[in-house]
Amino acid sequence: RRSIIRALEKGICRYLSQMDVHLSVNIDGVPLFRSSGVQFWPILVKCGHFDPFVVAMFSGQSKPSPLEQYLKDFFTEYKHLKDNGIVFKGQTYTVNIDALICDAPARAYLKCIKGHTAYESCERCSVRGTRVERRIVFSEQEGTSRTDDSFSRVEYSNHQTGISPFIAAGIPCVSS
């Protein structure tokens, strides 16, 4: 009976030793009251099937500005964990951000790209929208695919409005 338990334990440990930590990050503005301009901008992180947790919170009359300052501590800690891993019970785990989960306006703000109503707003390809009945519509024909490398070199001048702090943090802005 002891050997069965050890086999189970060894199997689980073997799985854990190969496990990477995959994070999903949610950043979005939340108005506090209808009658007030005060808003919260929490940074929430979800790891695996566990509940999300708060890693930072901004409160103010507008979006956090400058954006780099708002994200600085989070990205500093993330970069350290990405470069060095996280040690838990003697085991080192790699840490990666797999997804940025936001609504379209927040994602555009964080990635420093044009909003979803702009002609050059597609985040995955360079298709140009056309105005149809007061809306921007994208044809079924796809444009040239965008790449993380070109995005990080700020080569999409009709799409990017600035240099996203996600670039310096090494987080792919097109593929994740």
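None of the values given here were measured: they were computed from a predicted structure.

Peer 1: When you look at empty space enclosed by the protein in this model, what are you seeing that I'm missing?
Peer 2: The gaps of empty space that remain are located by a probe, the size of a water molecule, rolled over the atoms. Tallying each qualifying case throughout the model produces 1 cavity of 30 Å³ or more. Put simply, the largest cavity is a space of about 60 Å³. Forming the boundary of the largest cavity are Leu100, Arg107, Lys111, Phe166, Ile171, Pro172, Cys173 and Ser176. Within the lining of the largest cavity, the residues separate by chemical class into 5 nonpolar, 1 polar and 2 charged.

Peer 1: What is the right way to look at unusual backbone geometry in this model?
Peer 2: Excluding glycine, residues mostly have negative phi values, and the peptide bonds linking residues are mostly trans. A cis amide bond, omega 0°, links Ser65 with the succeeding residue Pro66. Take Pro66: it is sitting in the loop between β4 (53–60) and α2 (67–84). At Lys89, a position not held by glycine, the phi torsion is positive, near 50°. Within the secondary structure, Lys89 sits in the loop between β5 (86–88) and β6 (91–93).

Peer 1: Even after reading the chapter, I still don't get the pattern of salt bridges, so can you show me in this structure?
Peer 2: Enumeration over the complete set of coordinates arrives at 5 salt bridges. In this structure, the salt-bridge partner of Arg107 is Glu123, at a minimum N-O distance of 2.7 Å. Note that Arg107 is positioned in helix α3 (residues 104–111) and Glu123 in the loop between α3 and β8 (130–132), a separation of 16 residues in sequence. Owing to a relative accessible area of 22%, Arg107 belongs among the partly exposed residues under this scheme. A relative accessible area of 16% means that Glu123 is categorised as buried. A salt bridge links Arg153 to Glu155, with the nearest nitrogen and oxygen atoms 2.6 Å apart.

Peer 1: For this particular structure, what's the right way to read α3?
Peer 2: The periodicity of an α-helix, 3.6 residues per turn, causes residues three or four positions apart to be oriented the same way. Among all positions in α3, only Ala106, Ala108, Tyr109, Leu110 and Lys111 are buried. Tucked inside the fold, the buried residues of α3 contact β1 (21–27), β3 (39–47), α2, β7 (95–101), α4 (148–152) and α5 (165–168). A side-chain oxygen of the first residue of α3 lies 3.0 Å from the backbone nitrogen of Ala106; this N-cap is Asp103.

Peer 1: Where do I start with the packing of aromatic side chains in this structure?
Peer 2: Two measures describe an aromatic ring pair: the distance that separates the ring centres and the angle between the ring planes. According to the stated counting rule, one finds 4 aromatic pairs in the structure shown. Where Phe75 meets Phe166, the ring centres are 5.0 Å apart and the plane angle is 80°; that geometry is what we call edge-to-face. In this pair, Phe75 sits in helix α2 while Phe166 sits in helix α5, placing the two residues 91 residues apart along the sequence. Ring-pair connections join several aromatic residues into one group, and the members of that group are Phe74, Phe75 and Phe166. Against the face of Tyr156 rests Arg146, its NZ or CZ located 4.7 Å from the ring centre.

Peer 1: Mind showing me how you'd approach the nonpolar core here?
Peer 2: One broad rule of soluble globular proteins: the nonpolar side chains tend to lie buried together. In this structure, Val25, Ile27, Leu71, Leu110 and Phe166 are the most contacted members of the largest nonpolar core, which totals 32 residues. Mapped onto this core, the elements with two or more residues apiece are β1, β3, α2, β7, α3 and α5. If one sorts the elements of this core by residue count, α2 sits on top with 6 residues. Not counting chain neighbours up to four residues away, the residues in contact with Leu110 comprise Ile27, Leu67, Leu71, Leu100, Cys102, Ser164, Pro165 and Phe166.

Conventions used here
Residues numbered from 1 in each chain as written. Predicted model: local features only at pLDDT ≥ 70, side-chain atom pairs only at ≥ 80, totals over all residues. Heavy atoms only, no water. 1 Å grid on protein atoms, 1.4 Å probe; cavity = no way out; pocket = protein on both sides within 12 Å on 5 of 7 lines; lining within 4 Å. Points joined across faces, edges and corners; volume = space filled by probe spheres on them. Nonpolar A, V, L, I, M, F, W, Y, C, P; charged D, E, K, R; others polar. Helix = DSSP H or I, 4+ residues; strand = E, 2+ residues; numbered from the N terminus. Salt bridge = Lys/Arg side-chain N within 4 Å of Asp/Glu carboxyl O. Buried < 20%, exposed > 50% of the residue type's maximum accessible area, 1.4 Å probe, protein only. Contact = heavy atoms within 4.5 Å. Polar contact = N/O pair within 3.5 Å; in protein donor to acceptor, adjacent residues only side chain to side chain. Phe/Tyr/Trp six-rings, centres within 6.5 Å; stacked < 30°, edge-to-face > 60°. Lys NZ or Arg CZ within 6 Å of the ring centre and 35° of its normal. Core = buried A, V, L, I, M, F, W, Y, C linked by side-chain atoms within 4.5 Å.

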